[in-house]
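# Fold and geometry: a report
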Amino acid sequence: MKGQLSETVARVHAIGIKGNVVPCGWYENVTKEKTGYADGNAIAILSEVVNLNLPVIECNADGNVVSIEDGFYGKLPQKSYTELASKFGMSEKQARIAVANLERLGLVRRVWDDIECKRTSGYTGNGTPLYLELNVDRLAAISYNEPTGTTPKGKRRSANAGEVGCRAVESL
């Protein structure tokens, strides 16, 4: 392998941080309509929607991929405004406004439909479940000025693609 990791980088990688990642481009592109300032609530919710759309990869003891599947149950990721508000420390009204802003920006589409049974899909909200459909083309356009998923030097980041030690998945 080419290169050597500093102790700090190696230790941070060993922590295995997973979850929501926010590219810098979102702060320029996910903005409030009236002020033009970054919409922190919408950015947090977008990071959750993206995280829900990442695959779940299972590896065996040898590091070989044994399964790869969607990270959600059903046809689309499902979250209630209550769940989003609770996770990110905002009110339900703030969550509603943030999701509406993401829809205005063309990043998500709210789908109100009983696509799957609430009891089996893990839905914890009240009323008709909210499904959030991600617009991947729009996401790619606002995330990086460079080709999708690369750093300014053209090297791939390990972020979610290499968070597991599978041979079939890119790693450091």
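Since this is a predicted model, take the numbers as computed values, not measurements.

## Thoughts on the pattern of salt bridges
On inspection of all chains with the given rule, the structure shows six salt bridges. The shortest N-O distance in the salt bridge between Lys87 and Glu48 comes to 2.7 Å. Of the two residues, Lys87 sits in helix 4 (residues 81–88) while Glu48 sits in helix 3 (residues 40–52), which places them 39 residues apart along the sequence. Judged by its relative accessible area of 47%, Lys87 is partly exposed. Among the charged side chains, a salt-bridge network with shared partners connects Glu48, Lys79 and Lys87.

## Here's the deal with the side chain of Asp39
Mapping Asp39 onto the fold places it in the loop between helix 2 (25–29) and helix 3. No salt bridge forms around the buried Asp39; measuring N to O, its nearest opposite-charge neighbour Lys32 is 5.0 Å away. Ignoring sequence-local partners within four residues, the contact set of Asp39 consists of Val30, Thr31, Lys32, Ala98 and Asn101.

## A short note on the packing of helix 4 against helix 5 (residues 92–104)
Look at helix 4 against helix 5: their axes get within 8 Å of each other, and the N-to-C directions meet at 105 degrees. Taken together, the axes of helix 4 and helix 5 lie roughly perpendicular to each other. Each of Tyr81, Thr82, Leu84 and Ala85 in helix 4 lies in contact with helix 5, whose residues at this interface are Glu92, Ala95, Arg96 and Val99. The residue makeup of the contact of helix 4 with helix 5, split by class, is five nonpolar, one polar and two charged.

## So, the confidence of the model for the protein
Model confidence for the protein is summarised by a mean pLDDT of 78, while 74% of its residues fall at 70 or above. Looking at the elements of the protein, mean pLDDT is at its lowest for helix 6 (residues 118–121), recorded as 48, and at its highest for helix 5, recorded as 97. Ignoring residues within four places in sequence, the model shows residues 117–121, a span with pLDDT below 50, making eight contacts including any to other chains. This model gives residues 146–172 a pLDDT under 50, and the stretch forms 43 contacts once residues within four places in sequence are excluded.

## Focus on a nonpolar patch on the surface
On the surface, a cluster of nonpolar side chains totalling about 310 Å² of accessible area is made up of Val12, Ile15 and Ile17. Structurally, Ile15 is set in helix 1 (residues 7–15). Exposure remark for Ile15: the relative accessible area of 59% places this residue in the exposed category.

## What to know about the nonpolar core
In this structure, Trp26, Val30, Ile45, Leu46 and Leu102 are the most contacted members of the largest nonpolar core, which totals 24 residues. Only helix 3, helix 4, helix 5, strand 4 (130–134) and helix 7 (136–143) provide two or more residues apiece to this core. Sequence-distant contacts of Trp26, defined by excluding residues within four places in its chain, comprise Val21, Ile43, Leu46, Ser47, Val50, Leu139, Ile142 and Ser143.

## Side note on helix 5
For helix 5, spanning 13 residues, the distance from its first C-alpha to its last is 18 Å, which sits close to the expected 18 Å at 1.5 Å a residue. All of the buried residues in helix 5 are Ala95, Ala98, Val99, Asn101 and Leu102. All buried residues of helix 5 project into a common sector of 155 degrees when viewed along the axis, lining one side. Its buried side turned inward, helix 5 meets helix 3, helix 4, strand 3 (108–112) and strand 4. Remark: Gly106 follows helix 5 within two positions and exhibits a positive phi of approximately 80 degrees.

Procedures and definitions
- Residues numbered from 1 in each chain as written.
- Predicted model: local features only at pLDDT ≥ 70, side-chain atom pairs only at ≥ 80, totals over all residues.
- Heavy atoms only, no water.
- Salt bridge = Lys/Arg side-chain N within 4 Å of Asp/Glu carboxyl O.
- Helix = DSSP H or I, 4+ residues; strand = E, 2+ residues; numbered from the N terminus.
- Buried < 20%, exposed > 50% of the residue type's maximum accessible area, 1.4 Å probe, protein only.
- Lys, Arg positive; Asp, Glu negative; His and termini not counted.
- Contact = heavy atoms within 4.5 Å.
- Axes fitted to C-alpha atoms, helices over the stretch in contact; angles between N-to-C directions.
- Parallel < 35°, antiparallel > 145°, perpendicular 65-115°, else oblique.
- Nonpolar A, V, L, I, M, F, W, Y, C, P; charged D, E, K, R; others polar.
- pLDDT = per-residue confidence, 0-100.
- Patch = residues over 30% accessible without salt bridge, like charges linked within 9 Å, V, L, I, M, F, W, Y side chains within 5 Å.
- Areas by Shrake-Rupley, 256 points an atom, 1.4 Å probe, with all protein chains shown as cover.
- Core = buried A, V, L, I, M, F, W, Y, C linked by side-chain atoms within 4.5 Å.
- Expected span 1.5 Å × (residues − 1).
- Arc of directions from axis to C-beta.

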